[in-house]
Amino acid sequence: MTAVGAVARPVILDTDPGIDDAVALMLAAVSPEIELLGITTVAGNVGVEVTTRNALALCQLLDLQCPVGKGAWRSLAAHGSRDAAHIHGADGLGGWRIADPPATAQPEAALGLLSRLLRSAAAAGQRATIVAVGPLTNIAQLLVADAAASDLIAEIVVMGGGDGERLGNVTPRAEFNIYTDPEAAAIVFNSGVPVTMVGLNVTELATLGAAHLPQLLAHGGPVAEGVQVMLGAYKDTPEEAGLTAQHDSLALTAVLRPELLTLRPAQVRVHVMPGERRGETEVSYVAGVDAAGAAGAASADAADTAAAAAAGAGAAAGVGAAGQPGRVRVATAVDVPRFREFMAERLFAAAQRAARM
Ligand SMILES: [Ca+2]
């Protein structure tokens, strides 16, 4: 552990922009609590060519100098080719005409970038936190390919999964990011690296609408325009009209403002077997353990791990060995009014930042 207090936490954002990803990137760009070391992209909401283009375009808009790594174009098991273009639009950004990145902005390869960033943070005496808000393909590949990486990661914060009444949004029991690559999710949850799961049970409560953003919208400029277009186009609106769930920003908020969420130690089993539970996160809360201690255990299911390997995940069995101790926390509640205030303040700051360009 390094000094607490003013030291910004080194963070890598693994993302598939994606409307709520784009909003989370705006949040990341103006948050002094973190040092954004890099961004890696993955296929998810739309294909990886588009998510990478969007990440590079957002970096230009927000004057982010960090490197961008282009990651996996398909899931580990490569079942089907599901995306969420029906929710995010074919361009991933709901039709927002964000300026193209310059031709000189070329991505690196995500796995090499992840390994390099983790090691440069370690050389500076820090362990980086990975905030993963897309399918977990890149992170699983990293843990499989780079055996030393897990010791260099402080925590993996995952937007994915769900619990209780809100288990799924693709199937009744599976959330999009986990369902898109369950084998990868099983590897991550069973890796022994501390994992914080921010799932649908809280992210669907973390809604935002134009009515919460008067200062941003009055400011105008490309960020305000982008937020307005994206929130208007986002086909992920919960029950209340005009509100959109900011899944990915809430996951990042677990790093920036952890006091806005309730996190409970838990065991999470990711179901990978074909059938109606594929992609489900089965959460068992660990009683009597202080959340700060986070001493839960991620129990790999031997059958699931074998199935993951059989399905083409390759080294899954070598990563998620059954019973390997892990430290998993699951978000169970969010302070919605304070989350909205926080988002409004930070998105206004993002508009100001972009205007200085
Ligand atoms: Ca996402």
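Residues numbered from 1 in each chain as written. Predicted model: local features only at pLDDT ≥ 70, side-chain atom pairs only at ≥ 80, totals over all residues.

Remarks on the overall build of the protein chain
Part 1 of the reasoning: Within the protein chain, the secondary structure is distributed over 14 helices and twelve strands.
Part 2 of the reasoning: For the protein chain, buried positions account for 57% of its 357 residues. (Helix = DSSP H or I, 4+ residues; strand = E, 2+ residues; numbered from the N terminus. Buried ≥ 20, exposed ≤ 12 C-beta atoms within 10 Å, placed from the backbone.)

Overview of the sheet that holds strand β6 (residues 153-159)
Part 1 of the reasoning: Strand order in this open sheet of ten strands is β4-β3-β2-β1-β5-β6-β7-β12-β10-β11, and the pairing throughout is mixed. Only two strands of the sheet have a single partner each, and these edge strands are β4 (108-109) and β11 (281-285).
Part 2 of the reasoning: Where strand β1 (residues 9-15) meets strand β5 (residues 128-132), four bridges bridge the pair, whose relative direction is parallel. What sits directly across from Ile 12, in β5, is Ile 130. (Pairing = 2+ DSSP bridges.)

Side note on the environment of His 79
Part 1 of the reasoning: With respect to the element layout, His 79 can be found in the loop between β3 (68-70) and α3 (85-88).
Part 2 of the reasoning: Separated by 102 residues in the primary sequence, His 79 and Asp 181 place their C-alpha atoms 8.5 Å from one another.

Here's the deal with the packing of helix α1 (residues 19-29) against helix α11 (residues 247-256)
In helix packing, the relevant descriptors are the interaxial angle and the interaxial distance, both defined with respect to the helix axes.
Part 1 of the reasoning: Interaxial distance between α1 and α11 falls to 7 Å at its minimum, and their mutual angle equals 35 degrees. Of the residues in α11, those touching α1 at Asp 20, Asp 21, Val 23, Ala 24, Leu 27 and Ala 28 are His 247, Asp 248, Ser 249 and Leu 252.
Part 2 of the reasoning: Classifying every residue of the contact of α1 with α11 gives five nonpolar, two polar and three charged. (Axes fitted to C-alpha atoms, helices over the stretch in contact; angles between N-to-C directions. Contact = placed C-beta atoms within 7 Å. Nonpolar A, V, L, I, M, F, W, Y, C, P; charged D, E, K, R; others polar.)

Description of unusual backbone geometry
Part 1 of the reasoning: Looking along the chain, the bond that leaves Pro 17 and enters Gly 18 is cis, with omega of -10 degrees.
Part 2 of the reasoning: In the Ramachandran plot, Asp 63 falls in the positive-phi region, its phi being about 55 degrees despite a non-glycine side chain.
Part 3 of the reasoning: Judged by the 11 C-beta atoms lying within 10 Å of it, Asp 63 is exposed.

Observations concerning helix α2 (residues 48-62)
Part 1 of the reasoning: For α2, spanning 15 residues, the distance from its first C-alpha to its last is 21 Å, which sits close to the expected 21 Å at 1.5 Å a residue.
Part 2 of the reasoning: Burial analysis of α2 places 13 of its 15 residues in the buried class, which makes it a mostly covered element.
Part 3 of the reasoning: Of the residues flanking the end of α2, it is Asp 63, one or two places downstream, whose phi is positive at about 55 degrees. (Expected span 1.5 Å × (residues − 1).)

Observations regarding the confidence of the model for the protein chain
Part 1 of the reasoning: On average, residues of the protein chain carry a pLDDT of 88, and 86% of them reach 70 or more.
Part 2 of the reasoning: Ignoring residues within four places in sequence, the model shows residues 291-325, a span with pLDDT below 50, making 83 contacts including any to other chains. (pLDDT = per-residue confidence, 0-100.)

As for the environment of Ala 85
Part 1 of the reasoning: For Ala 85, the location among the structural elements is in helix α3.
Part 2 of the reasoning: As a C-alpha pair, Ala 85 and Gly 18 span 67 residues in sequence and 8.8 Å in three-dimensional space.
Part 3 of the reasoning: Residue contacts for Ala 85: discarding those within four places in its chain leaves Val 46 and Ala 90.

Let's talk about helix α10 (residues 221-233)
Part 1 of the reasoning: Its 13 residues place the ends of α10 18 Å apart at the C-alpha level, agreeing with the 18 Å of an ideal helix rising 1.5 Å per residue.
Part 2 of the reasoning: Three or more residues of α10 are buried, namely Val 223, Ala 224, Gly 226, Val 227, Met 230 and Leu 231. One side of α10 carries all its buried residues, which in axial view fall inside an arc of 160 degrees.
Part 3 of the reasoning: Where α10 is buried, its residues touch α1, α9 (214-219), β9 (244-245) and α14 (336-355). (Arc of directions from axis to C-beta.)

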